[in-house]
Amino acid sequence: MTREDFGLEVHEPELQPAETTVRTIKEMSKDERPRERAINHGIGSLTTAELLALILRTGQPGLPITELCRQLMDDNGNSLIRLERRSRSELMLTKGIGDAKALQVEAMMEVMRRYQHELTQQKHGYIIKSFEDIERRMRPRIANLDHEEVWIMLLNRRNEVIKEFRLTSGSSIASVFDTKMIIKRALLEDAQGIVMCHNHPSGNLNPSVQDDNITRKLSDACKTMDLRFLDHVILSIGGCYSYSDNGRL
């Protein structure tokens, strides 16, 4: 695989004049070093690349960590949203990023997702009143993934979320969708209502024929077992689509 395969800029080798040679951290003045700047001026004074440098810590001979992180952000348009969608192999196309550093970047992104998710949830207390509540709860978790995931929320009589779980990940939804398992989990948790949510990595929010089929299957199963099927919400980084809001349940 090459950088072009992943839509990354190709950097042609070129001779650099001596005066533009990249400086190491030790060669920088103390007020230029990310760690010292953070201590003296606050963490908010650092660029995103400098924040990454504090996390990844060490570079390579001839490639200080500040330059490595600047290149990583340049490769991703200085966008954390784009960086989050990179696979491990794509991250490693940036010079100086190996398995260990790619894992560190992935771990940082996972911490960000979990933090955002905590902001939107209360254990046994998050009430679903509309599709916007579903969007707020699930957007940080799945909207920007590079693969599809299907999640199920189980609700009590007051529409509070009592359990949520990932049903599928990275496979064709129609081939692995297990209606019986969803209903079984709902009955075991003494749930009264069910919400389904999944993402479209392409950004296209229009439901597919497969989406319609699994929605109909789950809706029919819920009616048979006297469970309320509140909504099926499709998410992408650009918005969401609600079957309920569009009168399709």
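Structure: above.
This section reports on the structure supplied with the text. Because the structure is a prediction, the values reported are computed rather than measured.

For any pair of aromatic rings, the description consists of the separation of the ring centres together with the inter-plane angle of the planes. The tally for this structure, following the rule as stated, stands at one aromatic pair. Centroid distance Y241 to Y243: 5.5 Å. Interplanar angle 90 degrees. Geometry classified as edge-to-face. Across the pair, Y243 and Y241 agree in class, each one buried. In this structure, R137 is placed above the aromatic ring of Y126, and the distance from its NZ or CZ to the ring centre is 4.9 Å. Positioned above the aromatic ring of F165 is the side chain of R185, whose terminal nitrogen or guanidinium carbon lies 4.0 Å from the ring centre.

One simple way to see leftover space: roll a probe sized like a water molecule over the atoms. Put simply, the second largest pocket is a space of about 390 Å³. Only α4 (80-84), α6 (99-119) and β1 (149-155) provide two or more residues apiece to the lining of the second largest pocket. Of the residues forming the lining of the second largest pocket, the biggest block, seven residues, is contributed by α6. Residues belonging to the lining of the second largest pocket are distributed by class as follows: six nonpolar, four polar and eleven charged.

We now examine helix α1 (residues 34-41). Among the residues making up α1, those that are buried are P34, E36, R37 and A38. As for α1, its buried residues are in contact with α2 (48-56) and α3 (65-75). Backbone geometry just downstream of α1 places G42 in the positive-phi region, at approximately 95 degrees.

This part takes up α2. What α2 keeps buried is the set A49, E50, L52, A53 and L56. In an axial view of α2, the angular spread of the buried residues amounts to 155 degrees, which keeps them on one side of the axis. Here the buried face of α2 lies against α1, α3, α4 and α6. Immediately downstream of α2, the backbone of R57 shows phi near 75 degrees, a positive value.

Reading guide: rules and limits
Residues numbered from 1 in each chain as written. Predicted model: local features only at pLDDT ≥ 70, side-chain atom pairs only at ≥ 80, totals over all residues. Heavy atoms only, no water. Phe/Tyr/Trp six-rings, centres within 6.5 Å; stacked < 30°, edge-to-face > 60°. Buried < 20%, exposed > 50% of the residue type's maximum accessible area, 1.4 Å probe, protein only. Lys NZ or Arg CZ within 6 Å of the ring centre and 35° of its normal. 1 Å grid on protein atoms, 1.4 Å probe; cavity = no way out; pocket = protein on both sides within 12 Å on 5 of 7 lines; lining within 4 Å. Points joined across faces, edges and corners; volume = space filled by probe spheres on them. Helix = DSSP H or I, 4+ residues; strand = E, 2+ residues; numbered from the N terminus. Nonpolar A, V, L, I, M, F, W, Y, C, P; charged D, E, K, R; others polar. Contact = heavy atoms within 4.5 Å. Arc of directions from axis to C-beta.

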